[in-house]
Amino acid sequence: MNPTLADKIARAPKAELHIHIEGSLEPELIFALAKRNGVQLAYDSIDALRAAYAFTDLQSFLDIYYAGASVLLHEQDFYDMTMAYVERALADHVTHTEIFFDPQTHTERGVPIETVVAGIERALADGEKRGLTSKLILCFLRHLSEDDALATFDEAQPLFDKYAHRLIGVGLDSSERGHPPSKFERVFAKARERGLKLVAHAGEEGPPSYVYEALDLLKVDRVDHGVRSIEDAALVARLADSRIALTVCPLSNIKLCVFDDMAKHTLKDLLDQGVAVMINSDDPAYFGGYVNANYFAIVDALKLTDHEAYTLLRNSLEASFVTEQERAAMIARLDTYWKQ
Ligand code: ADE
Ligand code: ZN
């Protein structure tokens, strides 16, 4: 890629809207926390763990990702993990981030949900003092039952009050195939009644019908991944008309074999057809790079222009869950920067 464009993207103010905080846990920190907490890992070295990061599909990744998260026990662990991400985000000129977390991964190991949120929140408050604004989105694990999600939602009620400034939405993640959005209609209806923002992973490995279900049954405000929408022309037109954004994660899509080559990624087709796509890192510690690395990989492989790169950056700001005033300020800042 043209080094001037890479540098321009690297320093541009940007939002990240699809990052699983547990997916930012680097192997070094996994080993440090395992030692601190006396947790036994299945790998005897950092290199051996990293060598296992050769995935064939989403499930092969999730098995290792949940094992990695098993070292998180105390509030300080969640703080340390989140602070490490905050540092990486600031280095990539992320000015606003919306972070997913998976409470069920921790509560099923006996870690209280309050411990999880308190540690993440303390790091995000520290990040805010350094210029990174943020929101938090609680994700339900779709391989578990809807009753389990409903119980988690009930348990989280006091947190939606206590952390109302931060904890603003719910999402749906984990094993997609065989677990359609329709399975979670009731819990999303409850979240909607409570005025929360709604997102769901759909159309990552699952078919376009899962994206329709996320829109029509869950009534999501954004779709996570959604890259398989390209297989359905009417769906692409609907996404473009409604400006419902797709939070695309290029390095993730390659690592999880959604596309076998970055040059075959469908992001540019979606962009050309007016879909509000933007770039995110998903699980950066597992997929080989944080948000800027994702921009470089896709801009390079698809030979995107200066204007297309700008559009991706701008879409990240347009799709953020912030006030209109905050959005206007973020866009003005990007525009001033981009014209320099
Ligand atoms: N949890 C963490 N990363 C995920 C992904 N890419 N898809 C579904 N669930 C996830
Ligand atoms: Zn994801």
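Residues numbered from 1 in each chain as written. Chains lettered and ligands numbered in written order. Predicted model: local features only at pLDDT ≥ 70, side-chain atom pairs only at ≥ 80, totals over all residues. Heavy atoms only, no water.

- Named according to an unreviewed UniProt entry, the chain is Adenine deaminase originating from Caballeronia insecticola.
- Quoted verbatim from the Catalytic activity (unreviewed entry) heading of the UniProt record, the comment on the chain is "adenine + H2O + H(+) = hypoxanthine + NH4(+)". (UniProt positions renumbered as here; feature names shortened; annotations may be inferred.)

### Regarding the packing of helix 1 (residues 3–11) against helix 16 (residues 291–301)
Helix packing for two helices is described by the angle between their axes and how far apart those axes are.
Logical step 1: Viewed as axis vectors pointing N to C, helix 1 and helix 16 meet at an angle of 150°, and their least axial separation amounts to 10 Å. Judged by the angle between their axes, helix 1 and helix 16 are roughly antiparallel. When you trace helix 1 past helix 16, the crossing you get is right-handed. For the pair helix 1 and helix 16, the contacting residues are Leu5, Ala6, Ile9 and Ala10 in the first and Asn292, Tyr295, Phe296 and Val299 in the second.
Logical step 2: Classifying every residue of the contact of helix 1 with helix 16 by side-chain character gives 7 nonpolar, 1 polar and no charged. (Axes fitted to C-alpha atoms, helices over the stretch in contact; angles between N-to-C directions. Helix = DSSP H or I, 4+ residues; strand = E, 2+ residues; numbered from the N terminus. Parallel < 35°, antiparallel > 145°, perpendicular 65-115°, else oblique. Left-handed = near helix turned anticlockwise from the far one by under 90°. Contact = heavy atoms within 4.5 Å. Nonpolar A, V, L, I, M, F, W, Y, C, P; charged D, E, K, R; others polar.)

### Quick notes on the UniProt feature "binding site: substrate" (unreviewed entry) in the chain
Logical step 1: The positions that UniProt labels "binding site: substrate" (unreviewed entry) are, in the present scheme, Asp283.
Logical step 2: With respect to the element layout, Asp283 can be found in the loop between strand 8 (277–279) and helix 15 (284–287).
Logical step 3: In contact with Asp283, not counting residues within four places along its chain, are His20, Gly23, Phe61 and Tyr65.

### What to know about the coordination of the zinc ion (ligand 2)
Logical step 1: The coordination sphere of the zinc ion (ligand 2), as far as protein atoms go, consists of His18 (NE2), His20 (NE2), His201 (NE2) and Asp282 (OD), spread over 2.0 to 2.2 Å.
Logical step 2: Sequence spacing of the donor residues for the zinc ion (ligand 2), all on one chain, is H-x1-H-x180-H-x80-D. One end of the pair, His20, is in strand 1 (residues 14–20); the other, Asp282, is in the loop between strand 8 and helix 15, and 262 residues separate them in sequence.
Logical step 3: On the accessibility criterion, His20 (3% relative accessible area) is buried.
Logical step 4: Using a relative accessible area of 2% as the deciding quantity, one classes Asp282 as buried. (Donors = N, O, S within 2.8 Å, 3.2 Å for Na, K, Ca; no water. Buried < 20%, exposed > 50% of the residue type's maximum accessible area, 1.4 Å probe, protein only.)

### What about the environment of Glu308?
Logical step 1: Inspection of the secondary structure puts Glu308 in helix 17 (residues 306–318).
Logical step 2: Glu308 gets classed as buried once you look at its relative accessible area, which sits at 15%.
Logical step 3: Residues Glu308 and Lys268 lie 40 residues apart in sequence; the distance between their C-alpha atoms is 8.8 Å.

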